[in-house]
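# Fold and geometry: a report
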Amino acid sequence: GKRISGRYEVLGLLGGGGMSTVYLARDMILDRPVAIKILRYDLADEEELRKRFHREALSATSLIHPNIVNIYDVGEDGDLHYLVMEYVEGQTLKEYIQEKAPLPAARAVDIMMQLCEGISAAHLHGIIHRDIKPQNILMDLDGNVKLTDFGIAMALSATALTRTNSVMGTVHYLSPEQARGGIATKRSDLYSLGIVLYEMLTGKLPFSGESPVSIALKHLQEETPPVRDERPDIPQSLENVILKATAKDAAHRYPSAEAMLKDLRTVLSPERKDEAKFIPPP
Ligand code: ATP
Ligand code: MG
Ligand code: MG
């Protein structure tokens, strides 16, 4: 295969999106597989996109956590802009949901707890993901879950806060404040996590529609449908986690990923399970 910067030998295609393509490659120096994300060459001339690409690299290089895809290197080879990262052998959470949803509650809770751990680490570094969705969550062969694609994530600096320019993909996981065109906060990430939890448990999206605008309006106006309408076996306490994460008003959401994690830890305890199974007499 082709060599990049004399070091990375490209072996095959892993995936791609609007801005870039991701390849499996081998790091010839450290002799290990890596994933290499290359900015689409026809976009490499666009300064703003090039900046966004490098921002992804820079914001994430300081983040080393088992639930975040580790960025190893960033560089240029001629007009090729690339980012080298940990190779996660497995599938995206999107693919996993398509194959396996509705997931058993314990499985969905385990995945969500790992995501809360990863997001908590990012938030601790002042980094907001802004684009949490199953397509940006990778799962390895041991079931470890890792967040990737911090493409529109940025450090919480004053300058960063005034620049909310972003190339938007799906709006299905977008918080009401983002749908309104406002500034994303840490709590916006928790809203997206709540939507992912709903999707894992039901195999459905809570808000869907004909157009991005109609979906965005539902995020703003419609209450999150009760997951127990679809899954009566789900404990009320787990339903409550989704409702609290997806509160329209960010002030009513969990204050932090740790707070959400704390609730997720208690949700499947034996007494809570019994509580959930309780059927009131007629
Ligand atoms: P853009 O950043 O331009 O929006 P994108 O969103 O498609 O592009 P990613 O989400 O980072 O970029 O990656 C696209 C796909 O490539 C993923 O959905 C996944 O299938 C695959 N992929 C990305 N990173 C890795 C990795 N580290 N290991 C294995 N596969 C990966
Ligand atoms: Mg992506
Ligand atoms: Mg992306």
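The following refers to the structure shown. (Residues numbered from 1 in each chain as written. Chains lettered and ligands numbered in written order. Predicted model: local features only at pLDDT ≥ 70, side-chain atom pairs only at ≥ 80, totals over all residues. Heavy atoms only, no water.)

### Focus on the sheet that holds strand β2 (residues 8-16)
Within the open sheet, the 6 strands sit side by side as β1-β2-β3-β4-β6-β5. Their pairing is antiparallel. Each end of this open sheet is capped by a strand with a single partner; those strands are β1 (3-4) and β5 (71-77). In this sheet, strand β3 (residues 20-27) lies alongside β2 in antiparallel orientation, the contact comprising 7 bridges. Bridge pairing in β3 places Val10 opposite Ala25. (Pairing = 2+ DSSP bridges. Helix = DSSP H or I, 4+ residues; strand = E, 2+ residues; numbered from the N terminus.)

### Quick look at the pairing of β5
Strand residues, when the strand is regular, have side chains that alternate between the two faces of the sheet. Pairing geometry for β5 and strand β6 (residues 80-86), over 6 bridges, is antiparallel. Note on β6: the bridge partner recorded for Glu76 is His81.

### Some words on the pattern of salt bridges
Side-chain pairs of opposite charge can arise whenever the charged atoms involved come near each other. Taken as a whole and judged by the stated rule, the model has 11 salt bridges. In this structure, Arg253 and Glu177 form a salt bridge, with 2.8 Å as the shortest nitrogen-oxygen distance. Taken together, the positions of Arg253 in the loop between α9 (236-245) and α10 (257-266) and Glu177 in helix α5 (residues 176-179) put the pair 76 residues apart, joining distant regions of the chain. Taking the relative accessible area as the measure of exposure, Glu177 reaches 12% and is therefore buried. (Salt bridge = Lys/Arg side-chain N within 4 Å of Asp/Glu carboxyl O. Buried < 20%, exposed > 50% of the residue type's maximum accessible area, 1.4 Å probe, protein only.)

### Observations regarding helix α3 (residues 105-124)
Think of an α-helix as turning once every 3.6 residues; residues three or four places apart then point the same way. With 20 residues, α3 should cover 28 Å at 1.5 Å per step; its first-to-last C-alpha distance of 28 Å lies within 8% of that length. Buried residues dominate α3, accounting for 14 of its 20 residues. At the C-terminal side of α3, Gly126 shows a positive phi close to 75°. (Expected span 1.5 Å × (residues − 1).)

### A short note on the coordination of the magnesium ion (ligand 2)
Those protein atoms acting as donors to the magnesium ion (ligand 2) are Asn136 (OD1) and Asp149 (OD), and they sit at 2.1 to 2.2 Å. A relative accessible area of 5% means that Asn136 is categorised as buried. (Donors = N, O, S within 2.8 Å, 3.2 Å for Na, K, Ca; no water.)

### As for the coordination of the magnesium ion (ligand 3)
With distances of 2.1 to 2.6 Å, the protein atoms coordinating the magnesium ion (ligand 3) are Asp149 (OD) and Asp149 (OD). Metal-to-metal, the separation of the magnesium ion (ligand 3) and the magnesium ion (ligand 2) is 3.5 Å; Asp149 coordinates the two. The residue Asp149 is located in the loop between β10 (145-147) and β11 (154-155) in this model.

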